[in-house]
Amino acid sequence: MAAHIVLSGFMATGKSSLAPVVAERAGLPWVDIDAVIAAQQGAAVGEVWQRLGERGFRALEATIAEAELRHEAPRVIACGGGTLLDRATRHLALDRAVVVTLTASPEVIAARAGDLSTRPHLASGDPAARARDLLALRADAYAECHGSFATDDVGLDALAEAVLALVARAPVAVPLGTRSYVVDVTRDQSWALTDAIAQLAPSSLVVVTDAHVYRAQQKRLESALAPLAAAGSLITLSPGEPNKNLAAVQTIWESALGAGIDRDAVVVAFGGGVVGDLAGFAAATLLRGLRVVQAPTTLLAMVDASVGGKTGFDVTAGKNLVGAFHQPCAVVADLATLATLPQRELRAGLAEVVKVALAFDPTLLELLESHAAALAGGSPQILAPVVRRAIELKAAIVREDETDTGRRALLNFGHTFGHALETAGAYRDYLHGEAVAAGIVRELAFTTRRGWTPPGLTERAARLLAALGVSPHVPAGRWAAAAGHLGKDKKRAGGDVRLPALRGAGLASIERVAVAELVADCKGAEIR
Ligand code: GLY
């Protein structure tokens, strides 16, 4: 489906004026939700509002917006100021369109508003003050978009150009109120990272990477940073999960504070999941919270770790047991960085894609199955849509359950057994994705025995993982060693673990299982 273009934002920000200009340039038809309401009801929008009252009007508006958004043929849709205040409509728009929020200052809005008898929201009291109040109330909803443009002093042609550039970029939105951000999936476009950082107008930069990534990607990093005016310090950590510890966090803290950062500094995490988690945690804690941009350079970090705001480090008791939720301000995933990624790491990253495909998206699962060899070989053509879809699926879960109190636990599929395996091997025997691959199959076998998962899915998952070059098979002795670490899972609730169980491909639910039962299973024979 080619995406619609939705223009949203407060009244008098120029949505209806801009829509035909964007539509003409894009060669698309355009509609104005207010005009559709007026035509359908045979009355001016103000009259319909009076007749139906706010609730009735909003219900009608939501129905009409939904119908427009569900059209297969792409179009430009100019919303009313309140159309996307409704969460369900907004999320549908984010799924089916590139959503642009137009903004203007309260004074400009008041000046543009014209006849206030047709603007019931501004009619009482000082219109600029009323606009300011309403903008504050609506800030969360308007922030949930793919891009936002100020219209105070900008002409329609320049705005249309900016909108179409955003449409061409096609970022994935992670809508979390005023903490919303977008993920750009690019290929060899270092300006995308430059722009994402520049947008934040940082006073200085704290750039965190690791020695392997720096060796392979130094030029790419430097060309992204060179155009930026802000001074920066570069912190090159020791690579790998065994180094995801407090000492690494301390290195970032000391180095950033030694460089004299202030609260307008921005942390840039340029690397894999370990770098992202450590830099993200340092950002969450430095000066009680700095902004962070995630620039993932591994497949695993692109499709999982860089999106969703989980940060932290490992301690003796287990993996990721100390951390914080700290959402990035932007994520820029440059697929060109995967060209230098060791094949073993690329394939391990595919396990996280298999995880979301199995749990949420049978179509993605079939795509993986039919292109397994090309994916295992790192084909950029097929990686691009796969990475993008995996990020969309992750974003959809994060927007429902940012702090992991409900459905987000489904992303833990394969991780209860996987983390135990990793911890038992002191993070040296298996890469994270390899442990997840083994965990996926082990958990599917377990939930099949419990009658939750239909027969055959375990074998299907194992076949796919093997075809992708990430073996899910682990000797029984390793599982026996892992058993003792199962009780340390973060998803533990008392003596139970919240375990994802697949009722079929794309049909995941959470089940409570006694840790003792998992331990007994883990000590059992190898699953083949
Ligand atoms: N990696 C699992 C999550 O982000 O919830």
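The numbers attached to residues start from 1 for each chain and follow its sequence in the written order. The predicted origin of the model limits local features to residues at a pLDDT of at least 70 and limits the giving and counting of side-chain atom pairs to 80 or more, whereas totals for whole chains, interfaces and linings rest on all residues. The basis for every side-chain value is the complete set of heavy atoms in the structure, and neither hydrogens nor water enter the calculation.

S.K.: Residue-level account of the pattern of salt bridges, with values.
M.R.: The term salt bridge refers to a side-chain nitrogen of Lys or Arg lying within 4 Å of a carboxyl oxygen of Asp or Glu. Applying the stated criterion across every chain, the model contains 35 salt bridges. For K244, the salt bridge goes to D314, with nearest N and O atoms at 4.0 Å. Here the residue K244 occupies a position in the loop between β9 (231–237) and α11 (246–258), and D314 occupies one in strand β12 (residues 310–315), the gap between them amounting to 70 residues. Across the pair, exposure class does not vary: K244 and D314 are buried alike. Among the ionic pairs, D304 bridges to K355, the shortest N-O distance being 3.8 Å. Here D304 is found in helix α13 (residues 299–305), whereas its partner K355 is found in helix α14 (residues 343–360), with 51 residues between them in sequence. For the purposes of this entry, the term helix denotes a DSSP run of H or I that reaches at least four residues, the term strand denotes a run of E that reaches at least two, and both are numbered from the N terminus. Accessibility here uses a 1.4 Å probe with only protein chains present; expressed as a share of the type maximum, an area under 20% marks a residue as buried, one over 50% as exposed, and anything in between as partly exposed.

S.K.: Run through the sheet that holds strand β16 (residues 496–504), naming residues and quoting values.
M.R.: Hydrogen bonds between backbone atoms are what pair the strands of a sheet, whose relative direction is either parallel or antiparallel. Pairing between strands requires that DSSP locate at least two bridges from one strand to the other. With respect to topology, three strands assemble into an open sheet ordered β15-β16-β17, the strand pairing being antiparallel. Because the sheet does not close on itself, it has two edges, and the strands there are β15 (492–493) and β17 (507–514). The pairing of β16 with β17 spans eight bridges and is classified as antiparallel. Considered in β17, the bridge of G504 is made with L507. Strands in contact with helix α22 (residues 515–522) are β15, β16 and β17; relative to β17, the strand with the most contacts, it is inclined by about 100 degrees. Two residues form a contact once any of their heavy atoms are found within 4.5 Å. To obtain each axis, a line is fitted to C-alpha atoms, and for helices this fit is confined to the stretch in contact; angles are then taken between N-to-C directions over 0 to 180 degrees.

S.K.: I'd like to hear about the site of the ligand, residue by residue, with values.
M.R.: For this purpose, a residue is taken to be near a molecule or strand whenever a single non-hydrogen atom of the residue falls within 4 Å of it. Near the ligand the following residues occur: D304, K310, K394, R408 and L411. Contacts to the ligand include K394, whose side-chain N or O atom sits 2.5 Å from an oxygen atom. In the model, an oxygen atom of the ligand is placed 2.7 Å from a nitrogen or oxygen of the R408 side chain. Gly is placed with the polar residues, together with every amino acid not listed as nonpolar (Ala, Val, Leu, Ile, Met, Phe, Trp, Tyr, Cys and Pro) or charged (Asp, Glu, Lys and Arg). Across the shell around the ligand, the residue classes tally to one nonpolar, no polar and four charged. Polar contacts, as counted here, are pairs of nitrogen or oxygen atoms within 3.5 Å of one another; within protein the pair requires one atom able to donate a hydrogen and one able to accept it, and residues that are adjacent in sequence qualify only if both atoms are side-chain atoms.

S.K.: Talk me through the environment of L499; I want residue IDs and the actual numbers.
M.R.: Its place among the elements puts L499 in strand β16. By relative accessible area, L499 is classed as buried at 0%. Once the C-alpha coordinates of L499 and A295 are considered, the two residues, 204 residues apart in sequence, prove to be 31 Å apart. Apart from the residues lying within four places of it in its own chain, the contact partners of L499 are T416, E443, F446, T447, S509, I510, E511, V513 and L518.

S.K.: Which residues make up the sheet that holds strand β7 (residues 181–186), and what are the values?
M.R.: Across the sheet, seven strands lie side by side as β6-β7-β14-β11-β10-β8-β9; this open sheet has mixed pairing. Bordering the open sheet on either side are β6 (172–174) and β9, each of which pairs with just one other strand. Taken over all neighbouring pairs, the strand axes of this sheet differ in orientation by 15 degrees on average, direction set aside. Examined bridge by bridge, β6 and β7 share three bridges and lie antiparallel to one another.

S.K.: Go over the nonpolar core with me, naming the residues and quoting the values.
M.R.: Ranked by internal contacts, the top residues of the largest apolar core, which has 57 residues, are L358, L368 and I440. Among all residues touching I440, those that are not within four sequence positions of it are A351, V354, K355, L358, F413, G414, A461 and L465. What we call a nonpolar core is a set of buried Ala, Val, Leu, Ile, Met, Phe, Trp, Tyr and Cys residues that are connected through their side-chain atoms within 4.5 Å.

S.K.: Before we move on, could you go through helix α10 (residues 211–225) and cite the residues and values that matter?
M.R.: The span you would expect from a helix comes to 1.5 Å times its residue count less one. The end-to-end C-alpha distance of α10, which contains 15 residues, comes to just 18 Å, noticeably less than the 21 Å that a straight helix rising 1.5 Å per residue would cover. Bend angle per residue: angle between axes fitted to the 7 residues ending at that residue and the 7 residues starting there. Approximately 80 degrees is the largest bend angle found in α10, and it occurs at Q217. Along α10, the positions that sit buried rather than exposed are V213, Q217, L221 and A224. On its buried face, α10 sits against α9 (190–198), β8 (204–210), β9 and β10 (266–271). Structurally, the start of α10 carries an N-cap: the backbone nitrogen of H212 is 3.0 Å from a side-chain oxygen of D210.

S.K.: Describe the layout of surface pockets, listing the residues and the values that go with them.
M.R.: A pocket, in this scheme, is an open set of points on a 1 Å grid over the protein atoms alone with protein on both sides within 12 Å along at least 5 of 7 lines, while a cavity is a set where a 1.4 Å probe fits but cannot get out; residues line either one if an atom lies within 4 Å of a point. Grid points are joined across faces, edges and corners, and a volume is the space filled by probe spheres set on the points. By volume, the second largest pocket amounts to about 1,100 Å³. Lining the second largest pocket are 45 residues, with G147, S148, S180, Q199 and C329 positioned closest to its centre. Contributing elements (two or more residues each) for the lining of the second largest pocket: β4 (97–103), α7 (139–143), β5 (147–150), α8 (156–169), β7, α9, β11 (291–296) and β14 (330–334). The residue makeup of the lining of the second largest pocket, split by class, is 26 nonpolar, 13 polar and six charged.

S.K.: Got a sec to walk through the side chain of T447? Specific residues and values, please.
M.R.: Along the chain, T447 falls in helix α19 (residues 432–449). What makes T447 buried here is its relative accessible area of 1%. In this structure the side chain of T447 is engaged in a polar contact, spanning 2.7 Å, whose partner is the side chain of T453. Residue contacts for T447: discarding those within four places in its chain leaves W452, T453, L499, P500 and A501.

S.K.: How would you explain the packing of helix α1 (residues 15–26) against α8 if you had to name every residue and give the values?
M.R.: It is at 9 Å that the axes of α1 and α8 come closest, and there the two elements cross at 60 degrees. The orientation of α1 relative to α8 falls into the category oblique. In this structure, α1 crosses over α8, and the sense of that crossing is right-handed. Taken together, the residues of α8 that come into contact with α1 (itself represented by S17, L18, V21, V22, R25 and A26) are L156, D157, L159, A160, E161, V163 and L164. Residue composition of the contact of α1 with α8, grouped by class: nine nonpolar, one polar and three charged. Roughly parallel covers angles under 35 degrees, roughly antiparallel covers those over 145, roughly perpendicular covers 65 to 115, and oblique covers all other angles. Each helix crossing is assigned a hand: it is left-handed if the near helix lies turned anticlockwise from the far helix by less than a right angle, otherwise right-handed if that turn is clockwise.

Note that all results are geometric; they support no functional claim without further evidence.
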